[in-house]
Structure formats: C-alpha cells, structure tokens
Amino acid sequence: MRYDKEHKDATRRRIIETSGRRFKQDGLDGSGVATLMKDAGLTNGAFYKHFTSKDDLVTTVVAEQLTGQRAMLDERAPDRAGVERFIRDYLSPGHRDAPERGCPSAALLDEIARCDDTVKQAYTDGLVTIADDIAARIAPDDPDSARTRVLSLFATLFGTLQLARAMADPNLSDAILDQGITNALAILDDATRN
C-alpha cells in the first residue's frame, strides 16, 4: 500500500518524537529499533523507509530535540530575564523528574560523546545555536565575547540536573537544584557584565 507524502511525514515525525522520549528515558544503547518502532506503533520494516540506520535516527533526533529546545527559549523574553526564566525552568523539579520530556543534553551527553562524528556534529550545531541565541540576549553588543561563558553555563546546568537526578534523597536533590540556580545565575551575571 502506498501512502501520500503527508502520511509519510506524519509517520516520520511520530518515530522521531517517540524515539526522543525513549532515548532520554533508556539511553541510546538501551533503545533498539524494535522497541523504538513498537513505541511508534509501527513494524521494524517501516523503520528503513524513513531512516538508513539507527545512527541516522539518532542524528535526526538530537538535531530535532535541540531545535525544540531553542524554540522553547524563543518563547521567553528576549533579554536576561528570559534567560533567567530558562535557567529556573531547566533546574526545576518538574524537569528533573521527567527526563523523557526534557533536555537531551542532561539525559544523553555521555552517550553522545561516544557517538560517531555525524551525531556529534548535529549536537554541536544545535547546542552552539542555542548558546549564540543566549549570548546575543545577554551581550547584544558583542555576543561572541559571551559564547564561552554561555557554554560554561550549559555545563553547570547539565551537570546540576544529572547530579540531582542521581540522588536518592529528594531533599538533597532539591538542594542541588537550588544551588545550581544560584551558580548558574552567577555565571549569567558575570557574562552580562563582561
């Protein structure tokens, strides 16, 4: 049976979205093609009509996830206040408790580091785009000067969220998130001043 382009595009989108959630929940290696396709309500054979390999899917998912994250940033005020809201939302208990709906960086960074260059390039391109957006918000006269500080801010956000997720003690996890916000805002203030 032949499907029209609209149906094929919707199916591809469903595979990307369900795979993104599964990857962030179980990891890249913990998510086989059979599981990913079952999540999407499709057969294994349908996978290869949309992707050449699992690496192709991972590359697409990483790029799409970061594009979505940038779109969420665009919903915030286009200034320091918008970046602060982004930080507070990022280091929130809700984000901590729902990795499958959250940021691919905190959930998958260690695995992305072990992926092939295509996946790493998609990640780099997506993350640098977000960093440049934030840098332009906090240092509009010289965003290049803020790029490295913004990347350092990301390291603080990702590490804080990973550590908070790993804690068995919910009070300690909350304290880590709170301190992470304080640390991230200090980095933001430093980047804004320089």
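All residue numbers here refer to positions counted from 1 along the written sequence of the relevant chain. Given that the model is predicted, a residue must reach a pLDDT of at least 70 before its local features are reported, and side-chain atom pairs must reach 80 or more before they are shown or counted; all residues, however, enter totals for whole chains, interfaces and linings. Values reported for side chains reflect all heavy atoms of the structure, with hydrogen atoms and water molecules removed beforehand.

### Quick look at the overall build of the chain
Here a helix means four or more residues in a row that DSSP labels H or I, a strand means two or more in a row labelled E, and each is numbered from the N terminus. Counting its regular elements, the chain contains 10 helices and 0 strands. Seen in sequence order, the chain has helices and strands lined up from the N terminus as α-α-α-α-α-α-α-α-α-α. We compute the radius of gyration from the C-alpha atoms alone; for a globule the expected value is 2.2 Å times N to the 0.38, where N is the number of residues. On C-alpha atoms alone, the chain measures out to a radius of gyration of 18 Å, which is about the 16 Å that the 2.2 N^0.38 rule sets for 194 residues. When the backbone C-alpha atoms are referred to their principal axes, the chain occupies close to 60 × 40 × 30 Å. Only protein chains enter the calculation, and the probe is 1.4 Å; a residue is then buried if its accessible area is under 20% of its type maximum, exposed if over 50%, and partly exposed in between. The burial tally for the chain puts 43% of its 194 residues in the buried class. Of the contacts made within the chain by residues no fewer than 6 positions apart, 69% connect residues no fewer than 24 positions apart. Pairs of residues are marked as contacts when any of their non-hydrogen atoms sit within 4.5 Å.

### Describing the nonpolar core
One finds Tyr-90, Ile-134, Phe-154 and Leu-157 to be the most contacted residues of the largest nonpolar core, which totals 53 residues. Discounting chain neighbours no more than four positions away, the residues touching Tyr-90 are Gln-69, His-95, Cys-103, Ala-106, Leu-157, Phe-158 and Leu-161. Here the nonpolar core consists of buried residues drawn from Ala, Val, Leu, Ile, Met, Phe, Trp, Tyr and Cys, with membership extended through side-chain atoms lying within 4.5 Å.

### Examining the packing of aromatic side chains
Between 30 and 60 degrees the pair is tilted, below 30 it is stacked and above 60 it is edge-to-face, where a pair is any two Phe, Tyr or Trp rings, Trp via its six-membered ring, whose centres lie within 6.5 Å. Overall, the coordinates contain 5 aromatic pairs when judged by the stated rule. With centroids separated by 5.6 Å and ring planes inclined at 35°, the aromatic side chains of Phe-47 and Phe-51 adopt a geometry described as tilted. No difference in accessibility class separates Phe-47 from Phe-51, as the two residues are buried. Measuring from centroid to centroid gives 6.2 Å for Phe-86 and Tyr-90, while their planes differ by 40°, and the two rings are tilted. Of this pair, Phe-86 and Tyr-90 both sit in helix 5 (residues 80-90), separated by 4 residues, roughly a single helical turn. By the burial criterion, Phe-86 is buried, and Tyr-90 matches it. Aromatic ring contacts, followed pair by pair, group Phe-86, Tyr-90, Phe-154 and Phe-158 into a single cluster.

### Some words on the environment of Ala-186
Within the secondary structure layout, Ala-186 lies in helix 10 (residues 170-193). Along the primary structure Ala-186 and Arg-21 are separated by 165 residues, whereas in three dimensions their C-alpha atoms are 31 Å apart.

### Things to note about the confidence of the model for the chain
Detailed reading of the predicted coordinates is not advisable wherever pLDDT is low. Of all residues in the chain, 98% attain a pLDDT of 70 or more, and the chain-wide mean is 91. Of all secondary-structure elements in the chain, the lowest mean pLDDT belongs to helix 3 (residues 44-47), at 83, while helix 6 (residues 93-97) reaches the highest, 96. One number per residue, pLDDT, summarises how confident the predictor is, and it ranges from 0 to 100.

### Structural notes on helix 1 (residues 5-26)
In this model helix 1 runs 31 Å from its N-terminal to its C-terminal C-alpha over 22 residues, within 8% of the 32 Å that 1.5 Å per residue would give. Of all the residues in helix 1, the buried ones are Thr-11, Ile-15, Ile-16, Thr-18, Ser-19, Gly-20, Arg-22, Phe-23 and Lys-24. On the buried face of helix 1, the contacting elements are helix 2 (33-39), helix 4 (54-74) and helix 7 (104-112). Looking one or two residues past helix 1, Gly-27 carries a phi angle of roughly 90°, positive in sign. Multiplying 1.5 Å by the helix residue count minus one yields the expected span of that helix.

### Some details on the state of the cysteines
Cysteine sulfurs are considered disulfide-paired once they come within 2.5 Å of each other. Following the criterion strictly, the structure yields 0 disulfides and no others. Cys-115 supplies the cysteine sulfur nearest to Cys-103, a cysteine that is in no disulfide, at a spacing of 15 Å. Take Cys-115: its relative accessible area is 18%, and that puts it in the buried class.

### A closer look at the pattern of salt bridges
Only one rule defines a salt bridge in this text: a Lys or Arg side-chain nitrogen within 4 Å of an Asp or Glu carboxyl oxygen. On inspection of all chains with the given rule, the structure shows 16 salt bridges. The closest approach of N and O atoms between Asp-89 and Arg-76, which form a salt bridge, is 2.6 Å. In this pair, Asp-89 is assigned in helix 5 and Arg-76 in the loop between helix 4 and helix 5, connecting sequence segments 13 residues apart. For Arg-76, a relative accessible area of 16% puts it in the buried group.

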